[in-house]
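# Breakdown of the fold
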Amino acid sequence: MVSLVPSWAIYNEEFWGAIKRRNSWFIKLRYGAVLMLFVFIVSSEYLLGIKFTNTQLVALSLINCIILVYNGILQWVRIYLKCDPFKFNPLHFSLVQMLLDLTALMLVVYFTGGIETPLFMLFVFHMIIGSLILPGTVIYTIAFSVVFVFYGIVFGEYHNLISHHAVTGLLQTPLYNNFKFSVAYSTIFGFVILMSVVLANKIANQLYRMEQELVESLEQLKAAEVEKQKYVMGVVHEIKTPLAALHSYLDLILQGFLGSVNEKVLNKLNRARTRSAEAIQLTNDVLSVSKLRLLDEIKKEEIKVRDILSSVIQKQRAIIERKKIKLHFKDNRKVKAKILGDRFLLEIAFSNLISNAFKYIDDEGVVEIILDEKGNGIQLEVCDNGIGIPEKDLEKIFNDFYRASNIRSKGYEGTGMGLSIIKHVIERHGGTVEVQSPARLASENKPGTSFLVFLPLES
Amino acid sequence: MAKIVIIDDDPDILDASSLVLNSKGHEVITATNPEDGYQLVIDNSPDLIILDVMMNEPDDGFFLAQKFRRSKITVPILMYSSVSKTIGMSFGVNELVPVDDFVEKPISPSLLVEKVEHLLQLRKEK
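## Some thoughts on the overall build of chain A
Secondary structure assignment for chain A yields 12 helices and 7 strands. In summary, chain A has a C-alpha radius of gyration of 36 Å against a globular reference of 23 Å for 459 residues, an excess of more than 25%. By principal-axis analysis of the C-alpha atoms, chain A measures approximately 120 × 45 × 40 Å. Taking all 459 residues of chain A together, the buried fraction comes to 45%.

## Focus: the packing of aromatic side chains
As enumerated under the stated definition, the model contains 16 aromatic pairs over all chains in all. With a centroid separation of 5.5 Å and an interplanar angle of 50°, the aromatic rings of A:Tyr158 and A:Phe179 are classed as tilted. Of this pair, A:Tyr158 sits in helix 5 (residues 136-158) while A:Phe179 sits in helix 6 (residues 179-254), and the two are 21 residues apart along the sequence. By the ring-pair criterion, three or more aromatic residues cluster together here, those being A:Phe144, A:Phe148, A:Tyr151, A:Phe155, A:Tyr158 and A:Phe179. Over the ring of A:Phe329 we find A:Arg306; its NZ or CZ atom is 5.9 Å from the centre of that ring. Geometry around B:Tyr38 places B:Lys67 over its ring, the cationic atom sitting 4.2 Å from the centre.

## Comments concerning the sheet that holds strand 4 (residues 366-374) of chain A
Residues and elements named next belong to chain A. Strand order in the open sheet made by the 5 strands is 2-4-5-7-6, with mixed pairing throughout. Of all strands in the sheet, those bounded by a partner on one side alone are strand 2 (326-331) and strand 6 (432-436). Between one strand and the next, the sheet's axes are offset by a mean angle of 15°, whatever the strand orientation. Note that strand 5 (residues 377-384) and strand 7 (residues 450-456) share 7 bridges and pair antiparallel. From the neighbouring strand, Glu381 faces strand 7, where its bridge partner is Leu452. On top of the sheet, helix 8 (residues 305-315) reaches strand 2, strand 4 and strand 5; it is set at about 165° to strand 2, its chief contact.

## Overview of the pattern of salt bridges
Opposite charge on two side chains makes pairing possible when the charged atoms of those side chains draw close. Counted by the stated rule, this structure contains 16 salt bridges over all chains. The residue A:Lys315 makes a salt bridge to A:Glu347 at a minimum N-O spacing of 3.5 Å. Of this pair, A:Lys315 sits in helix 8 while A:Glu347 sits in helix 10 (residues 343-359); the two residues are 32 residues apart in sequence, bridging distant segments of the chain. In this structure, B:Arg69 and B:Asp100 form a salt bridge, with 3.0 Å as the shortest nitrogen-oxygen distance. Here B:Asp100 lies in the loop between strand 4 (77-81) and strand 5 (101-104) and B:Arg69 lies in helix 3 (residues 61-70), a separation of 31 residues in the sequence. Taking relative accessible area as the criterion, B:Arg69 reaches 23% and is therefore assigned partly exposed. Overlapping salt bridges, with partners in common, bring together A:Arg306, A:Asp331 and A:Arg333 in one network.

## As for the nonpolar core
All names here are of chain A. Phe123, Met127, Leu134, Ile142, Val146, Phe150 and Ile193 are the most contacted members of the largest nonpolar core, which has 56 residues in total. Mapped onto this core, the elements with two or more residues apiece are helix 1 (12-47), helix 2 (54-79), helix 3 (90-111), helix 4 (122-133), helix 5 and helix 6. Per-element tally for this core: the top contributor is helix 3, with 12 residues. Among residues more than four places away in sequence, those in contact with Ile193 are Phe123, Val124, Met127, Ala143 and Val147.

## Description of the layout of surface pockets
All names here are of chain A. Here the second largest pocket is characterised by a volume of approximately 610 Å³. In this structure, the second largest pocket is lined by 22 residues; those nearest its centre are Ala33, Leu105, Leu122, Phe125 and His126. Among the secondary structure elements, those contributing two or more residues to the lining of the second largest pocket are helix 1, helix 2, helix 3 and helix 4. Counted by class, the lining of the second largest pocket contains 17 nonpolar, 3 polar and 2 charged residues.

## Things to note about empty space enclosed by the protein
Any empty space left between the atoms is revealed when a probe the size of a water molecule rolls over them. All chains considered together, the criterion is met by 2 cavities of 30 Å³ or more. Its boundaries defined by the atoms lining it, the largest cavity holds a volume of some 60 Å³. Along its surface, the largest cavity is lined by A:Ser248, A:Leu252, B:Ile13, B:Ala16, B:Ser17, B:Val20, B:Ile107, B:Ser108, B:Pro109 and B:Leu112. The set of elements that each furnish at least two residues to the lining of the largest cavity consists of helix 6 of chain A together with helix 1 (11-23) and helix 4 (109-125) of chain B. Looking at which element gives the most residues to the lining of the largest cavity, the answer is helix 1 of chain B, with 4 residues.

## Here we look at the environment of A:Lys326
Residue and element names in this part refer to chain A. Here Lys326 lies in strand 2. Separated by 255 residues in the primary sequence, Lys326 and Asn71 place their C-alpha atoms 66 Å from one another. Among all residues touching Lys326, those that are not within four sequence positions of it are Glu364, Gly365, Val366 and Val367.

## Points about the domain arrangement of chain A
By a widespread convention, an interface's size corresponds to the accessible area lost as its parts come together. Looking at chain A, the domain boundaries give domain 1 (12-221) and domain 2 (301-456). Its C-alpha centre places domain 1 of chain A at a distance of 59 Å from the equivalent point of domain 2 of chain A.

## A closer look at helix 8 of chain A
Residues and elements named next belong to chain A. Within the sequence span of helix 8, burial applies to Val305, Ile308, Leu309, Val312 and Ile313. All buried residues of helix 8 fall inside an arc of 130° around its axis, so they share one side. Relative to its buried face, helix 8 has exposed residues pointing more than 90 degrees away, namely Gln314 and Lys315.

## Thoughts on the environment of A:Gly17
Residue and element names in this part refer to chain A. Along the chain, Gly17 turns up in helix 1. Among the residues examined, Gly17 registers a relative accessible area of 22% and is labelled partly exposed. Each C-alpha atom, one on Gly17 and one on Cys83, is 9.2 Å from the other, the two residues being 66 residues apart in sequence.

## Side note on the interface of chain B and chain A
Counting residues at the interface gives 25 residues for chain B, matched by 21 residues for chain A. Interface area, chain B with chain A, both sides summed: about 1900 Å², of which 66% is carbon and sulfur. Joining chain B to chain A, the criterion identifies 0 salt bridges. For the pair chain B and chain A, the interface holds 4 residue pairs in polar contact (both at pLDDT 80 or more). Looking at the side of chain B that touches chain A, the elements with two or more residues in it are helix 1 and helix 4 of chain B. Sorting elements by how many residues they give to the side of chain B that touches chain A places helix 1 of chain B first, with 7 residues. Of the residues contributing to the side of chain B that touches chain A, the split by class is 11 nonpolar, 7 polar and 7 charged.

The rules behind each value
- Residues numbered from 1 in each chain as written.
- Chains lettered and ligands numbered in written order.
- Predicted model: local features only at pLDDT ≥ 70, side-chain atom pairs only at ≥ 80, totals over all residues.
- Heavy atoms only, no water.
- Helix = DSSP H or I, 4+ residues; strand = E, 2+ residues; numbered from the N terminus.
- Rg over C-alpha atoms; globule rule 2.2 N^0.38 Å.
- Buried < 20%, exposed > 50% of the residue type's maximum accessible area, 1.4 Å probe, protein only.
- Phe/Tyr/Trp six-rings, centres within 6.5 Å; stacked < 30°, edge-to-face > 60°.
- Lys NZ or Arg CZ within 6 Å of the ring centre and 35° of its normal.
- Pairing = 2+ DSSP bridges.
- Axes fitted to C-alpha atoms, helices over the stretch in contact; angles between N-to-C directions.
- Contact = heavy atoms within 4.5 Å.
- Salt bridge = Lys/Arg side-chain N within 4 Å of Asp/Glu carboxyl O.
- Core = buried A, V, L, I, M, F, W, Y, C linked by side-chain atoms within 4.5 Å.
- 1 Å grid on protein atoms, 1.4 Å probe; cavity = no way out; pocket = protein on both sides within 12 Å on 5 of 7 lines; lining within 4 Å.
- Points joined across faces, edges and corners; volume = space filled by probe spheres on them.
- Nonpolar A, V, L, I, M, F, W, Y, C, P; charged D, E, K, R; others polar.
- Domains from an automatic or database assignment.
- Arc of directions from axis to C-beta.
- Buried area = accessible area lost by both parts, 1.4 Å probe.
- Polar contact = N/O pair within 3.5 Å; in protein donor to acceptor, adjacent residues only side chain to side chain.

Spelled out as structure tokens, the structure:
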């Protein structure tokens, strides 16, 4: 079987996708054409004062029926097509459609007066579409054939070799037997057809080339990003190694393995330990983020979000009790649907989200965690009446390493990676994260923050 | 009183771990690379092996753990992991790697002592 794949079509998936979309679009369009031809046959007598002969009526109705039938068959065949360049594929299918349409149109043109009908202009439209999807040689062959068959009809009628089907009422005087008219119109017609094919084919070619370049650049960017993340992971891991040793020594001293230390020194060592813990947390966060960005695909496990939330909350019991936080955990969903996702990543995200609420809140603060249905997914709201986020920081808080001005000034420790991780994980699951501050639980001096996470049931 | 071999490429981790375990009365022998570590285990037949993941070495900690098990060395192995958990390689004990427990770096001395005592206890019961 002849391969119709044009030389410039390299990106197969995208290319075949476009061809398939066009094929289905042609089929829909053809139903429209059938309807229009039907309306034209039925109403032209009343609207345009055109009178068809019986032969014309029968021929046109028959052509219309045939178009309807082959369109139905095409629609059915389309489903079973495979995108194999060496077998009958959507591209061959386009060619078949084009040939059938051109034949039908040629017959319609013939039965509506040949050179006298305005319908022959529709060939230009067919040629442009053909140029966009078929390789140059194929469409040039088709264009020349169309022009020659059309010339055959025009001059066959002129020389009375074939009968002329005039449309009564369209023209005052017949033109098919007017030599100058026939030559002028058919020459220009031929020229328009060939020029449209040449131009449209060139444009299509250029478009595809540009698309290719774009796809290539995009792939290079992706590769560079992967390299970057690997580099970051390498560097961060190298930094973590001495930090871990440092931290272990501090623990060793603080846990009394080297004997007692005076309280003044102990205080400072404790402080040093806190700061090194912070650095280690940061390296861990950066490693998680880098790993996330290296992952092309996340796992698709069936997950009960409620269970993850319960286990995350369970792990935070200590801080909840210490700060006497009033925690309300509600599941308002009617159907407890599972979502498909990566348990490990979602656990990290939810844990970050919820621990933020507990962290940036005064003692005896209120935290509400509410699960609800929303559209084709679930919504998780984590709302608190804590210190809130200043308005000017709101749009930046999801950036890597960004920490809101109020938490920096109040001396809360943190790495500024938490929300970046959350956003990344949720977006990887096809969801969204929004933030509101002041939140619904706001009161005087306690603006609070509310995070709304949406996760689709099927991402 | 137990004999423990620690294999880690970071001398400070070896020093800190030895200090902690010595203070609990254990005898500690250390090695900074997998080859020496393997030889030490063969020569000394310890009661416990502590093994770092050692991602930098061509034959890393996982490989070495496999090697011990293949040589029919059934001594409990405690593995120091550095990034495993944070990057999501949260493999279960004995699933992919034939080790008995993990300690995440940075090592907390009290946790290390706890895990070591627990593994030694299990070994005694066997």
